[in-house]
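# Chain and residue survey
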Amino acid sequence: MTLKLGVPSKGRLMEKTFDWFGKHGVTLRRTGSEREYAGAVDGLDGVSLVLLSAGEIPRELAAGRIHLGVTGTDLVQEKLPDWMRQVRSLEALGFGHADLILAVPRCWVDVETLDDLDAVAAQFRANHGFRLRIATKYHRLVHAHLSGHGVADYQLVDSQGATEGTVANLTAEAIADITSTGETLRANHLKILKGEPVLRSQATLFASRMAPWGAAERAALQALGAALGRDDVTDGVFHD
């Protein structure tokens, strides 16, 4: 058996993940064409590379089909209801930073905070007969955040495309989405509500608590921990 490491299969996330491991003496590389999802690991025995989309990695970790995976904290916490039981965060990688935020039309001059949104949502329902719509791909995280702040008169609508465009298209009154610079929001005449975001996310190395951790996989994880300068890398991962 070998330890299976899942990393993003393309784009800047893949490149930065390869660079991060390279700085720790572990070389990740593709072994086929750009269209092939094959890869190899040099500098660390007993590890095989699995190239996946970032969105698939939380599911594969939770299913125990991979032992380690690099993906965003936003994807793990949104896709895995009981994520702390299923995976353990091993290392924040320092890239892929983005905030999950709530944004409203810039012309809503009296709406700056969640309390303001709560008041507007109640008035919106009274005026229109249905709840204010918030477009998002992050239903679990947004619902928990709004409930925790006492916001009740809203409905979450699913956004499969460009979430920022839903307000202009009249399919939502507000949005909750990931942003790193806010430029797309400003271009679509939206403003971020003040206060802490729903979640601060970045690329993170996770370990699966559900994967089969035999002697070979444990040894490979300990070797990776040594490369990272971490003697606690196995803590809380194995079910002994």
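Here is what the cut-offs are and how they apply
- Residues numbered from 1 in each chain as written.
- Predicted model: local features only at pLDDT ≥ 70, side-chain atom pairs only at ≥ 80, totals over all residues.
- Heavy atoms only, no water.
- Core = buried A, V, L, I, M, F, W, Y, C linked by side-chain atoms within 4.5 Å.
- Buried < 20%, exposed > 50% of the residue type's maximum accessible area, 1.4 Å probe, protein only.
- Helix = DSSP H or I, 4+ residues; strand = E, 2+ residues; numbered from the N terminus.
- Contact = heavy atoms within 4.5 Å.
- 1 Å grid on protein atoms, 1.4 Å probe; cavity = no way out; pocket = protein on both sides within 12 Å on 5 of 7 lines; lining within 4 Å.
- Points joined across faces, edges and corners; volume = space filled by probe spheres on them.
- Nonpolar A, V, L, I, M, F, W, Y, C, P; charged D, E, K, R; others polar.

### Details of the nonpolar core
- Membership of the largest hydrophobic core comes to 31 residues, with the highest contact counts inside it found for Leu5, Phe21, Leu28, Leu68, Leu205 and Leu221.
- Elements that contribute at least two residues to this core include exactly β1 (3-8), α1 (11-23), β4 (47-52), β5 (68-72), β13 (203-208) and α8 (215-228).
- What Leu28 contacts, discounting residues up to four positions off in sequence, is Leu5, Val7, Thr17, Phe18, Phe21, Ala40, Val41 and Leu49.
- Residues Leu102, Ile134, Val142 and Val151 belong to the second largest nonpolar core, which totals 23 residues.

### Regarding unusual backbone geometry
- If you check the backbone angles, Leu170 has positive phi at about 65° while not being a glycine.
- Looking at where Leu170 falls in the secondary structure, it is placed in the loop between β9 (154-158) and β10 (174-179).
- You can call Leu170 exposed: its relative accessible area is 66%.
- Non-glycine residue His189 carries a positive phi angle of around 60°.

### Things to note about empty space enclosed by the protein
- Throughout the structure, instances matching the rule amount to one cavity of 30 Å³ or more.
- Of the pockets and cavities examined, the largest cavity occupies roughly 40 Å³.
- The wall of the largest cavity is formed by Leu3, Leu5, Phe21, Leu44, Val47, Leu68, Ala220 and Leu224.
- Those elements that provide at least two residues to the lining of the largest cavity are β1 and α8.
- A class-by-class count of the residues in the lining of the largest cavity yields eight nonpolar, no polar and no charged.

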